[in-house]
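# Coordinate analysis (summary)
The residues making up each chain are set out below.
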Amino acid sequence: MGARSRMPATNKPKEQKTPIQRAPHTKPPFTLSQLKKAVPPNCFQRSLLRSFSYVVYDLSLAFLFYYIATSYFHLLPHPLSYLAWSIYWALQGCILTGVWVIAHECGHHAFSDYQWVDDMVGLTLHSALLVPYFSWKISHCRHHSNTGSLDRDEVFVPKPKSKMPWFSKYFNNPPGRVLTLLITLTLGWPLYLALNVSGRPYDRFACHYDPYGPIYSNRERCQIFVSDAGVFATTYVLYYAAMSKGLAWLVFIYGMPLLIVNGFLVLITYLQHTHPALPHYDSSEWDWLRGALATADRDYGMLNKVFHNIIDTHVAHHLFSTMPHYHAMEATKAIKSILGKYYQFDGTPVYKAVWREAKECLYVESDEGAPNKGVFWYQSKL
């Protein structure tokens, strides 16, 4: 018999990563007024009835999930009950994230034409999720006024390499990134509210619960007291529920979904403002329009609708923050052609995107030898 023939070994070429093209950082050839004229006028109209319909829809689903969990889960055998609770946490966490987004819309006066209605709805919904509504509203509006500014932005302000903590290099590896992301997604939101972690640096201790802290002015302090009262009222209700039903019941019904809500809030905000293509500016280069454009739309699939399109219309939201969410898709389509390369959209799956950004967006530096020293880009090598 003849010798068997063998196929020659071939070295399969490695798939080349497509380099991410940076967003334009020069002053755009259009104005905010031109963008606004391109948007149909109906997009700026707020309907009290329509806005409330989303509140009723979300809260109805939340109550339905609560009713099913409390009425039927105890009848299931143990292996199935564990699965049922996991599904409940995921579904309830997503729906309550949508509730959080509606309260966020109230903070921007995008819910209705009546500021007092917006504040009452926002205060009620946010307090129920342990968020100090006015405290958050004030700092968040400053974020919108200073987006992309390394000196004045309020949240997810990247550091230059010189200010990176000494221990950062020990977390610049897969296990370190997993640990960092786990802590960020579980504790990031309460740490931001309580200790201003990842927020703008102040000359003294800053806290969203402190009426006399450096975040707020004298005329804003009364609103902080009201916010604290709302959180305290919810805490009392939760304490009463734990005493009546047990701590385990409270954790399963409320605690775990809230943990998912908090994780989504951090994830959504992080991916909207952290991307290798996005520039940041110091005071020598920053202006409001370029800062507002230094954000990215993302795609979370069917969760886009559950989260009221806060994810896939974020650029338009930064340009027109008083626009209700149910008009944001139409507005985004209207301004895309004018924005051109200034519009940033990344459809990378969420799990891939968050890993890439955690790996490649560690700090910001200006390009060596570049004429624009006030423009900073994300870097990955420590």
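Small disclaimer: the values here were computed from a predicted structure and weren't measured. (Residues numbered from 1 in each chain as written. Predicted model: local features only at pLDDT ≥ 70, side-chain atom pairs only at ≥ 80, totals over all residues. Heavy atoms only, no water.)

This part is about the UniProt feature "transmembrane region" (unreviewed entry) in the protein. Per the UniProt record, the feature "transmembrane region" (unreviewed entry) sits at residues 54-76, 82-104, 176-195 and 248-271. The span residues 248-271 is 100% helical and 0% strand by assignment, and the distance between its end C-alpha atoms comes to 33 Å. (UniProt positions renumbered as here; feature names shortened; annotations may be inferred. Helix = DSSP H or I, 4+ residues; strand = E, 2+ residues; numbered from the N terminus.)

On to the confidence of the model for the protein. When pLDDT is averaged across the protein, the result is 93; 95% of the residues are at 70 or more. Segment residues 1-10 is flagged for pLDDT under 50; beyond a separation of four residues in sequence, or across chains, it makes zero contacts in the model. (pLDDT = per-residue confidence, 0-100. Contact = heavy atoms within 4.5 Å.)

The next subject is the sheet that holds strand S5 (residues 375-379). Strand order in the open sheet formed by three strands is S1-S5-S4, with antiparallel pairing between adjacent strands. Both edges of this open sheet fall to strand S1 (280-281) and strand S4 (363-365), since each of them pairs with a single strand only. Relative to S5, S4 is paired through three bridges, and the arrangement is antiparallel. For Glu365, the partnering residue across the bridge sits in S5 and is Trp377. (Pairing = 2+ DSSP bridges.)

Here we take up the packing of aromatic side chains. One pass over the full model with this rule turns up 23 aromatic pairs. An angle of 85° between the planes, with centres 5.5 Å apart, marks the rings of Phe30 and Tyr342 as edge-to-face. Pair noted here: Phe30 is in the segment before helix H1 (32-38) and Tyr342 is in the loop between helix H12 (328-339) and strand S3 (345-346), with a separation of 312 residues, a long-range link. Residue classification places Phe30 among the buried positions, given a relative accessible area of 6%. Here Tyr342 falls in the buried class, since its relative accessible area comes to 12%. Pairing Phe52 with Phe111 gives two aromatic rings, centres 5.1 Å apart and planes at 85°, and the pair type is edge-to-face. On the criterion of sequence distance, the pair formed by Phe52 in helix H2 (residues 48-72) and Phe111 in the loop between helix H3 (78-107) and helix H4 (115-128) is long-range, its members being 59 residues apart. Cluster of aromatic residues (ring-pair linked, three or more members): Trp100, Tyr133, Phe134, Trp136, Trp189 and Tyr192. (Phe/Tyr/Trp six-rings, centres within 6.5 Å; stacked < 30°, edge-to-face > 60°. Buried < 20%, exposed > 50% of the residue type's maximum accessible area, 1.4 Å probe, protein only.)

Moving on to the UniProt feature "domain: Fatty acid desaturase" (unreviewed entry) in the protein. The UniProt entry lists residues 84-344 under the feature "domain: Fatty acid desaturase" (unreviewed entry), expressed in the numbering used here. With 58% helix and 2% strand, the stretch residues 84-344 has end C-alpha atoms that lie 39 Å from each other.

Turning our attention to the environment of Phe111. According to the relative accessible area criterion, Phe111 is buried, its value standing at 1%. Through-space distance from the C-alpha of Phe111 to that of Pro324 is 6.2 Å; in sequence the pair is 213 residues apart. If near-sequence neighbours (up to four positions away) are discounted, Phe111 is found in contact with Arg46, Ser47, Leu48, Ser51, Phe52, Val55, Ile102, Glu105, Cys106, Val117, Asp118 and Val121.

Counted as a void, the second largest pocket has a volume near 530 Å³. In terms of lining residues, the second largest pocket is bounded by 20 residues, among which Ala62, Gln92, Leu96, Ala128 and Tyr254 are the most central. Mapped onto the lining of the second largest pocket, the elements with two or more residues apiece are H2, H3, H4, helix H7 (221-245) and helix H8 (247-273). By residue class, the composition of the lining of the second largest pocket is 17 nonpolar, three polar and no charged. (1 Å grid on protein atoms, 1.4 Å probe; cavity = no way out; pocket = protein on both sides within 12 Å on 5 of 7 lines; lining within 4 Å. Points joined across faces, edges and corners; volume = space filled by probe spheres on them. Nonpolar A, V, L, I, M, F, W, Y, C, P; charged D, E, K, R; others polar.)

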